[in-house]
Structures are given as C-alpha cells and as structure tokens.
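Given next are the chains, with one letter for each unit.
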Amino acid sequence: MLVNIDQVSTVIRDTAAQEVMPRFRSLREGDIRDKGRGDLVTVADVATEEVLSQRLKELLPGCLVIGEEAVAADPTLMDQLSSDRPIWIIDPIDGTGNFARGRDVFAVMVALVQAGRSLGGWIYDPVHNRMAVAEVGSGAFLDECRVNFARGQDLTGMTGTLHASTFASPDLAERIAERRSGLNTAKSMSCAGREYMRMLEGGMQYSLFSRLMPWDHVPGSLLMQEAGGVANCLDGEPYAATRYGLEGLILAASDKIWQRLYDILFQA
C-alpha cells in the first residue's frame, strides 16, 4: 500500500468533524444548489472536497485527485483515471440530497487507485462514527471488525436494492420494473455509501446500480470484493474506476447471488 490506511481514516474523520458535521442541519439559504436532474451540492460538499484533496495530497506527494465536485466544474478531469500515477477519488458527501434535507443518511467516501487498480477504499458515516475500510489483498473491515461473507449463499430469502430510475436508461428502467416483482427488495437509502455499509453489516445481500461514477462505487466495490463478495458490471467483468461509462453494476455477497439475480433481471 502506498499510504498508511489508518492515517487516511484519521484524515477523513477529522475533515468530516471540521467541515461536514458543523453544517449538518445548519445550512442557510444559498448554501444549496442544483447541479441538474435533482443532483444537489452544498457548501459542505465543496469545503470537504477541498480539505480532503489538500490533506490527501500531503500524504502522497505526486498523486492526482479526482473529486466529484471538481469534475462537475471540469469534466475533463476524468481523463486522468487512466494515468499510472496514484489517484485519490473523493466523494465529499455521498447522499447530498439527504444531507441537505437534514436526514442523517450520508457518507464520506475516498478511494486510492493506480493504473486502473483499486488499492484502498474508505466509507465513513460521520453521524454514527462508523468506518468501513478495505486494502487490496488485506480484507475488508467495518468498525475494525473483519467482514467475511458466508460462502455458498444463494438468492433464496435474500434482500437488496435495485436503483434503476433517475439515472437509468429507459430500456433498463423498464426491464427492472417488469422483473423485480419476484425479488425481495428494500427501500433505497438514496446514498450508495450507506447501501454498501448495509451490505457489509449483513442487512442486505445484493444491489444494482445504473449510475457508475467512480466516487460512488470504487470504495464500496473494493470493500465487497475484499469481504468475499462480487462487484461485476452487466458484462460479468469486475467494476473498476475507468468503467463508469457502462450502464449497470450488480453487487452481491456471493457468486451464486450475483448470477441468480442477473438471470432473473436480464436473461430472456
């Protein structure tokens, strides 16, 4: 690993305490704006990304940083994802809509990638002080407890979420709507980071996403894989930061769950 994972965790916690939590339920008029399609950004998102970017650069000189809000201002930053230099990927507040409305369902997410390979992933819930961390080849941890999904699980009795509305293509949205009735689904939390934590906790065993931006899924997909689960796109290949242009991602606690869910939703 290029950095000490505990140092990164400390930076995330400290930044959330400094920039996120003082603004939670204290946003004023003008502190929230709409980036389009109901995708909100707040002053807390911007400030958190700026501080994380600076502090993470200090931990790893010579790195690049790709943050959600920086990309919103300059989409060409996404071209850097193919660089051989180490890259920090930042989602300063995942679940901004919840945060802006005073709901305590949001997370701070960070990932470290290099040459298309995910090296580390962090998801932090600052309201409840819960941290999920993964280092490639070293396992996944939730609140310092190792997460290992049970082997051989199948879809019977399992529950999960299917996110195929706002950002899905009309064809995908229609297909999911037609085929979801036989599945045991949970209500979306409108926060990818917290959905990943719910899977790590064992509260659900699968999820489908139709928007694959790297800040939403690189940290969580590495956590799922290091816990023994699967994070594959609809072509069956593992998700990676550079695959954000694809349409769908299925996450599952086992190969059997992934394949069965795919068969139900996509096989003729």
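S.K.: Report on the packing of aromatic side chains, specifying residues and quantitative values.
M.R.: In total, this model carries 7 aromatic pairs according to the counting rule given. Aromatic pair W88 and W122: ring centres 6.0 Å apart, planes at 50°, arrangement tilted. Linking W88 in strand β4 (residues 87-94) with W122 in strand β6 (residues 117-125), this pair joins segments that are 34 residues apart in sequence. Taking the centre distance of 6.1 Å and the plane angle of 15° together, the rings of Y196 and F209 count as stacked. In this pair, Y196 sits in helix α6 (residues 192-201) while F209 sits in strand β11 (residues 206-209), placing the two residues 13 residues apart along the sequence.

S.K.: Any details on the sheet that holds strand β10 (residues 160-163)? Residues and values, ideally.
M.R.: Strand order in the open sheet made by the 4 strands is β10-β11-β13-β12, with mixed pairing throughout. The open sheet has two edge strands with one neighbour each: β10 and β12 (230-233). In this sheet, neighbouring strand axes are inclined to one another by 10° on average, regardless of whether the strands run parallel or antiparallel. Sheet topology note: the β11/strand β13 (residues 249-252) ladder contains 4 bridges and is antiparallel. By the bridge assignment, F209 is partnered in β13 with L249. Its contacts with the sheet put helix α8 (residues 255-266) on β10, β11, β12 and β13, and the angle it makes with β13 is roughly 140°.

S.K.: Describe the pattern of salt bridges, and please don't skip the residues or the numbers.
M.R.: When charged atoms on two side chains of opposite charge get close, those side chains can pair. In this structure the tally under the stated criterion is 10 salt bridges. Close ionic contact of K35 with E68 constitutes a salt bridge, the shortest N to O distance being 3.4 Å. A residue pair is termed long-range when its members are at least 10 positions apart, and K35 in the loop between β1 (32-34) and β2 (40-42) and E68 in helix α3 (residues 68-73) qualify at 33 residues. The class of E68 is buried, set by a relative accessible area of 9%. We note a salt bridge from D39 to R211, for which the minimum N-O separation is 3.3 Å. Within this pair, whereas D39 is found in the loop between β1 and β2, its partner R211 is found in the loop between β11 and α7 (214-226), the two being separated by 172 residues in sequence. For D39, a relative accessible area of 18% corresponds to the buried category. One connected set of salt bridges, linked through shared partners, spans K35, E68 and E69.

Calculation rules
Residues numbered from 1 in each chain as written. Predicted model: local features only at pLDDT ≥ 70, side-chain atom pairs only at ≥ 80, totals over all residues. Heavy atoms only, no water. Phe/Tyr/Trp six-rings, centres within 6.5 Å; stacked < 30°, edge-to-face > 60°. Helix = DSSP H or I, 4+ residues; strand = E, 2+ residues; numbered from the N terminus. Pairing = 2+ DSSP bridges. Axes fitted to C-alpha atoms, helices over the stretch in contact; angles between N-to-C directions. Contact = heavy atoms within 4.5 Å. Salt bridge = Lys/Arg side-chain N within 4 Å of Asp/Glu carboxyl O. Buried < 20%, exposed > 50% of the residue type's maximum accessible area, 1.4 Å probe, protein only.

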